[in-house]
Amino acid sequence: MNSKNSYTPEKAALKDYVWSMKGIKIPFLFLLIIFAMAMMSTYAGMNISLFTGEMVDAQGNVPTDKLVNFSFMYILMGIAAAGNVIAAALATEKINLGLRTKLWRKIMYAKQSCYDNDSGESLVSRVTSDCDFASKLITTAVEILSTLVSLGLYINKMFNLNARLAVAMIWLVPVTVLFGWGYAKLQFIIAQKTQAMLSGTTTYLAEHTKSLNLIKTSNTQKEETLRGMEHFDKQYTMQLKTGFMNIAYISMQHIFNILSLLIPFIIGARLVNDKIIRVGIVIAFYSIATSVGNVATTFIDEIGTIRQANGALARVINVLKLPDERNSKGISMDIPDENIVIEKLSFSYGDKKVLQNISCVIPKNKVTALIGTNGSGKSTLFKLIDRLNDPDEGDILFGTKNVSEFDLFEWRRAFCLVAQGSQLIEGSIRENICYGCQRPISSEELEDVAKKARVYDFVSVLPEGFDTMVTQNGANFSGGQKQCIAIARAIMNNPDYLLLDEATCNLDAHSERIVMDALNELMKGRTTVIIAHSLATIRNADHVIVLHDGKVDSTGSPEDVLKATDNYLGKIARRTVKCEI
């Protein structure tokens, strides 16, 4: 693991890049056009350079056909430039589309545990930004190939014009390549550090702009302002480094241009004076040497792009390599209900042990209350039952069969998790209630479900009714209303098993009563596991499981567990009774 002040740029091997493109339709026709346009531009450029020298030697007596050819070469260069830009843009966007689609599919199907330590902003960056850089590897590689071919053609033409002048100029090429290699390496490192810094800044800003109420009520504006300034200072420093790199690049271009001017004319003047070559040859050579300079600096820029894109590709590949959930066809859930049996189950988040060798039974067609301290593993057990995570050790059985033997999609369709602050999607209330249903929903069924979930009363008075849009995070609804919409979604999906993760926590008394009424409607005839936070919920359950420090403290009926003297629930119950008295 890197220290706080160090950063190791991510890199991708060629084999990884080839693997990442598997299944993506590469637009070879557009890539061929890019190469052809580059060659056309080189051909036209050399002819223009030669014509310039001939025009000087002709002293104004230029044949008409030469002028026509000269004009045609300029038109050809314009066509080549336009064709190159269009073909490169189309090729890039087609690759981007294929890569984004593949990456988004991976994000959807990768194991949930892969994202436990990743932020949403980071994943968004992989899809929106990094795919753009990664796709440039192909188009830039084609451009580098055409650049090298053009460089060879230009150098060959220089030797054809005059070997002595060519030898005097040729040493600039390896010098330029060495400079380009160093420039590209520094650009790669700076670009990677900048990307990492921007990712951190984006995450900080995204998290804290959502928490402005907390910041203001906690009077921490000064501290957060200083923390923001630290991020901005880092951004300022990285932008300065990028600016200095650009200055060095531009300076190199000017030095090359100056040398391209001085060398041909100083040496060329002597050769003309000795009547070895004509003035036109010097002019043509200078023009071609300038083109070589432009090609060389373009090559440097392309190498920098390749290095920068390589880092972006590495981040994309890291996501593409994430393991998929085991979703191959298994046993159908179209079977009678069974007990859910937990056998010697252990689970950790990294080095943090959350559940330790627990064993218990969740009886079918009963309401099981799950209780424990914060961090005792209640929500983690729900994730394991819903197969969002896989246990480190032990098994979860459905009757006598391991749950991993069942078809994953059918398993999750049979279960429904309703958690505290259940998520809503941006869309209409209708879309939120029907989300996940794979069948047409009639207006009558929608209204019936809305009434059962206590949604109908507040939706019916809205001007747009069920077509009312839900804003980001459901900010235009109260906590109780959002929970009722989530419960309506659960009823609409008609699951066989319910996992209620403190679904009424943090609600006021009135909202809690409404949500509990909706939950009681949802729980009818279903095997239910509810993370309980009130004594009333525990007493109304058929079965109780008490977790403490990641272990099963006790299990049994509410009466048996409440009577016990050495368990966590018994202590809570006694404190609750004293408070009620």
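Along every chain, residues carry numbers that run from 1 in the direction the sequence is written. Per-residue local features are limited, in this predicted model, to residues with pLDDT of at least 70; the limit for side-chain atom pairs, both in listing and counting, is 80 or more; totals at the level of whole chains, interfaces and linings are taken over all residues. Remark: hydrogens and water are excluded; side-chain values derive from all non-hydrogen atoms of the structure.

Peer 1: Outline the packing of helix H3 (residues 64-109) against helix H9 (residues 279-320), supporting the account with residue identities and numerical values.
Peer 2: The contact between H3 and H9 brings their axes to 9 Å, and the two run at 40°. Classed by the angle they form, the pair H3 and H9 counts as oblique. Residues Leu99, Lys102, Leu103, Lys106 and Ile107 of H3 form the contact with H9, whose own contacting residues are Val316, Val319 and Leu320. Under the scheme applied here, ten amino acids are nonpolar (Ala, Val, Leu, Ile, Met, Phe, Trp, Tyr, Cys and Pro), four are charged (Asp, Glu, Lys and Arg), and all others, including Gly, are polar. Class assignment of the residues belonging to the contact of H3 with H9 gives a composition of six nonpolar, no polar and two charged. Where helices are involved, their axes are fitted lines through C-alpha atoms of the stretch in contact, as for all axes, and angles between N-to-C directions lie from 0 to 180°. Starting at the N terminus, helices and strands are each numbered in turn, a helix being any DSSP run of H or I of at least four residues and a strand any DSSP run of E of at least two. Here is the rule for angles: anything less than 35 degrees is roughly parallel, anything more than 145 is roughly antiparallel, 65 through 115 is roughly perpendicular, and the remaining ranges are oblique. Pairs of residues are marked as contacts when any of their non-hydrogen atoms sit within 4.5 Å.

Peer 1: Break down the pairing of strand E9 (residues 497-501) for me, citing the residues and quoting the values.
Peer 2: Taking burial as the measure, the five residues of E9 include five buried ones, the bulk of the element. A two-sided burial pattern is seen for E9, the buried positions comprising Tyr497, Leu499 and Asp501 on one face and Leu498 and Leu500 on the other. Note on pairing: two strands pair once DSSP finds at least 2 bridges between them. Inspection of the sheet shows strand E6 (residues 415-419) paired to E9 by five bridges, in the parallel sense. Bridge pairing links phenylalanine 415 to tyrosine 497 in E9. Pairing between E9 and strand E10 (residues 527-531): five bridges, direction parallel. Burial classes: relative accessible area under 20% of the type maximum marks a residue as buried, over 50% as exposed, and values in between as partly exposed (1.4 Å probe, protein chains only).

Peer 1: Any details on the sheet that holds strand E3 (residues 367-372)? Residues and values, ideally.
Peer 2: As summarised here, the arrangement of the six strands in space is E6-E9-E10-E3-E11-E12, forming an open sheet in which the pairing is mixed. Unpaired on one side and paired on the other, E6 and strand E12 (551-556) mark the two borders of the sheet. Across the sheet, the axes of successive neighbouring strands diverge by a mean angle of 15°, strand direction being ignored. In terms of strand pairing, strand E11 (residues 543-548) meets E12 through five bridges, oriented antiparallel. Bridging from a neighbouring strand, valine 544 pairs with glycine 556 of E12.

Peer 1: Explain the sheet that holds strand E1 (residues 340-349) residue by residue, including any values.
Peer 2: Strands sit in the order E2-E1-E4-E5 across an open sheet of four strands; the sheet is antiparallel. Each edge of the open sheet is held by one strand with a lone partner, namely strand E2 (352-362) and strand E5 (401-402). Sheet topology note: the E1/strand E4 (residues 393-398) ladder contains five bridges and is antiparallel. Across the sheet, the residue bridging to glutamate 343 is aspartate 395, located in E4. Sheet strands touched by helix H10 (residues 378-385): E1, E2 and E4. Its angle to E1, the strand with the most contacts, is close to 115°.

Peer 1: Which residues make up the pattern of salt bridges, and what are the values?
Peer 2: Basic side-chain nitrogens of Lys or Arg form a salt bridge, by our definition, when they fall within 4 Å of a carboxyl oxygen of Asp or Glu. Applying the stated criterion to the full structure yields 13 salt bridges. A salt bridge links aspartate 324 to arginine 105; the shortest N-O distance between them is 2.8 Å. Taken together, the residues aspartate 324 in the loop between H9 and E1 and arginine 105 in helix H3 connect sequence positions 219 residues apart. One salt-bridge network, in which partners are shared between bridges, spans Arg105, Lys106 and Asp324.

Peer 1: Residue-level account of the environment of isoleucine 385, with values.
Peer 2: Among the secondary structure elements, isoleucine 385 is positioned in helix H10. A sequence separation of 114 residues divides isoleucine 385 from leucine 499, and the C-alpha atoms of the two residues are 8.9 Å apart. Contact partners of isoleucine 385, with chain neighbours within four places excluded, come to Ile340, Ile362, Ile396, Trp411, Phe415 and Leu499.

Peer 1: Just give me the short version of the environment of isoleucine 317, but keep the residues and values in it.
Peer 2: Relative to the helices and strands, isoleucine 317 is located in helix H9. C-alpha separation for the pair isoleucine 317 and tyrosine 17, spaced 300 residues apart in sequence, amounts to 7.7 Å. Ignoring sequence-local partners within four residues, the contact set of isoleucine 317 consists of Ala12, Asp16, Tyr17, Trp19 and Ser20.

Peer 1: Report on the nonpolar core, specifying residues and quantitative values.
Peer 2: If you look at the biggest cluster of nonpolar residues, it comprises 42 residues, and the most contacted ones within it are Val418, Ile429, Ile433, Val455, Ile487, Leu519 and Leu522. Here this core takes seven residues from helix H15 (residues 479-493), the largest share from any one element. Ignoring any residue separated from it by four or fewer positions in sequence, one finds isoleucine 433 in contact with Leu446, Val449, Val455, Phe466, Ile485, Ala488, Arg489 and Met492. Core analysis: the second largest hydrophobic core is formed by 31 residues, Tyr115, Leu123, Leu137 and Ile138 among them. By nonpolar core we mean a set of buried residues, namely Ala, Val, Leu, Ile, Met, Phe, Trp, Tyr and Cys, connected to one another through side-chain atoms within 4.5 Å.

Peer 1: Account for the packing of aromatic side chains, with residues named and values stated.
Peer 2: Aromatic pairs are defined between Phe, Tyr and Trp rings, using the six-membered ring for Trp, whenever the two ring centres lie within 6.5 Å; interplanar angles under 30 degrees are classed as stacked, those over 60 as edge-to-face, and all others as tilted. On inspection of all chains with the given rule, the structure shows 13 aromatic pairs. Ring geometry for tyrosine 456 and phenylalanine 466: centres 6.5 Å apart, planes at 40°, overall tilted. Of this pair, tyrosine 456 sits in helix H14 (residues 456-459) while phenylalanine 466 sits in the loop between H14 and strand E8 (469-470), and the two are 10 residues apart along the sequence. Here tyrosine 456 falls in the partly exposed class, since its relative accessible area comes to 25%. Accessibility expressed as a relative area gives 11% for phenylalanine 466, which makes it buried. Put simply, the rings of Phe398, Phe406, Trp411, Phe415 and Tyr497 touch in pairs and so form one group of aromatic residues. When the NZ atom of lysine or the CZ atom of arginine is within 6 Å of a ring's centre and also within 35 degrees of its normal, the charge is said to sit over that ring. It is lysine 451 that lies over the ring of tyrosine 456; its NZ or CZ is 5.0 Å from the centre.

Keep in mind that these numbers describe shape and distance, not what the molecule does.
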